[in-house]
Amino acid sequence: MQDKLLTIGRFARLCRLSIKQLRHYDEMGLLAPVRVDASSGYRYYTPEQARDALTIALLREMDLPLAVIAQALAAEPESRAQILRAERDRLAERISRDQARLEMLERLVESGLPGYEVTMGQESERRLAVVRAVCTPTEIGERVGECVGRLLPMLGKAGIAWEPPLWALYPLDLEEPMEIAVGAQTLQGEGTSGLEFEVLPGGPVAETVHIGPYAQLPLAYNALFAAIHERGLRPQAPVREAYLVGPAEAPQEELMTRLIIPIQESMA
């Protein structure tokens, strides 16, 4: 065993890592040397540890957190695969968000801030049959889709007629976690399991229409909130989105969403 021990320098060269990295892995409890000299503090490794050292470096290159890497190394093959699949899914979601941001930046580079027409008007009272969900801001799209998938079958099963478009309700501040709702306007029906009714009061609102992917809705909200504050008004919850043209009816570039924010005179 003693003959097979490698100094930290030799082991680092074997694994194409730095001594600093190996010391960090040791401090984090990821890869401890098999022996530490009590008098000198020198660390010693075995050639068999090279596979773990290389795996740690590989996963770190993929930006996996050290805590996740530690779990993966300690897990059995089946559990390790589950851990890595979860990280893969998180990475895919992050790439999707970054792609949406990139497309927004490209739109701003090419055309500047879009010229949204913001109007002030009166919104009628609406009675919506709704289902609710709790999510983080990054999960909004997924949760809205899930809510639609719950809402429509429940309306059909209850025999409740509704008027397009579908609506979504959001808080003013996108916090973690937050409650959202997806609803359909209806004049009839009583609450059933998982389905409830909410009356949106009528009154003054600011609104605009966004044409394009949902990922670019922040551009429309930027214009809408700016117009509200420039007029000395106060936005009120819930923020409402009406999906005039949805994904089942048109490609992403032709989606049409009406954004509505209730307003009131500022008290300041």
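1. So, the packing of helix α1 (residues 8-15) against helix α3 (residues 50-61)
Alright, step 1. Packing of α1 against α3 leaves a shortest axis separation of 10 Å and a crossing angle of 60°. With respect to their mutual orientation, α1 and α3 come out oblique. Like other packed secondary-structure pairs, α1 and α3 cross with a definite hand, here right-handed. Contacts between α1 and α3 involve Phe11, Leu14 and Cys15 from the former and Ala50, Ala53 and Leu54 from the latter.
Alright, step 2. Among the residues making up the contact of α1 with α3, the classes are represented as 6 nonpolar, no polar and no charged.

2. Looking at the state of the cysteines
Alright, step 1. Across all of its chains, the model carries 0 disulfides by this definition.
Alright, step 2. Looking at the unpaired cysteine 135, the closest cysteine sulfur is the one in cysteine 147, lying at 8.0 Å.
Alright, step 3. Under the relative-accessibility criterion, cysteine 135 is labelled buried at 1%.
Alright, step 4. What makes cysteine 147 buried here is its relative accessible area of 0%.

3. Description of a negative patch on the surface
Alright, step 1. Judged by side-chain charge, Glu103, Glu106, Glu110, Glu253 and Glu254 come together as a negatively charged surface patch.
Alright, step 2. Checked against the element boundaries, glutamate 110 lands in helix α5 (residues 77-111).
Alright, step 3. On the accessibility criterion, glutamate 110 (67% relative accessible area) is exposed.

4. Quick notes on the confidence of the model for the chain
Alright, step 1. Averaged over the chain, the pLDDT score is 89; the fraction of residues at 70 or greater is 94%.
Alright, step 2. Across the chain, strand β11 (residues 239-245) holds the top mean pLDDT of 97, while α5 sits lowest at 84.

5. Section: a nonpolar patch on the surface
Alright, step 1. A contiguous nonpolar patch, built from Val209, Ile211 and Leu244 and spanning about 220 Å² of accessible area, is present on the exposed surface.
Alright, step 2. One can find valine 209 in strand β9 (residues 203-211).

6. Quick word on the nonpolar core
Alright, step 1. Membership of the largest hydrophobic core comes to 37 residues, with the highest contact counts inside it found for Leu151, Tyr170 and Leu195.
Alright, step 2. Contributions of two or more residues to this core are made by β5 (126-135), α6 (140-158), β6 (163-170), β7 (178-185), α7 (217-230), β11 and β12 (256-265).
Alright, step 3. The dominant element in this core, judged by the number of residues it contributes, is α7, at 8 residues.
Alright, step 4. Beyond its immediate sequence surroundings of up to four residues, leucine 195 is in contact with Ala129, Val130, Val131, Leu151, Met154, Leu155 and Ile160.
Alright, step 5. Core analysis: the next-biggest nonpolar cluster, separate from the first, contains 23 residues, Tyr25, Leu59, Val68 and Ile69 among them.

About the cut-offs
Residues numbered from 1 in each chain as written. Predicted model: local features only at pLDDT ≥ 70, side-chain atom pairs only at ≥ 80, totals over all residues. Heavy atoms only, no water. Axes fitted to C-alpha atoms, helices over the stretch in contact; angles between N-to-C directions. Helix = DSSP H or I, 4+ residues; strand = E, 2+ residues; numbered from the N terminus. Parallel < 35°, antiparallel > 145°, perpendicular 65-115°, else oblique. Left-handed = near helix turned anticlockwise from the far one by under 90°. Contact = heavy atoms within 4.5 Å. Nonpolar A, V, L, I, M, F, W, Y, C, P; charged D, E, K, R; others polar. Disulfide = S-S within 2.5 Å. Buried < 20%, exposed > 50% of the residue type's maximum accessible area, 1.4 Å probe, protein only. Patch = residues over 30% accessible without salt bridge, like charges linked within 9 Å, V, L, I, M, F, W, Y side chains within 5 Å. Areas by Shrake-Rupley, 256 points an atom, 1.4 Å probe, with all protein chains shown as cover. Salt bridge = Lys/Arg side-chain N within 4 Å of Asp/Glu carboxyl O. Lys, Arg positive; Asp, Glu negative; His and termini not counted. Charge placed at Lys NZ, Arg CZ, Asp CG, Glu CD. pLDDT = per-residue confidence, 0-100. Core = buried A, V, L, I, M, F, W, Y, C linked by side-chain atoms within 4.5 Å.

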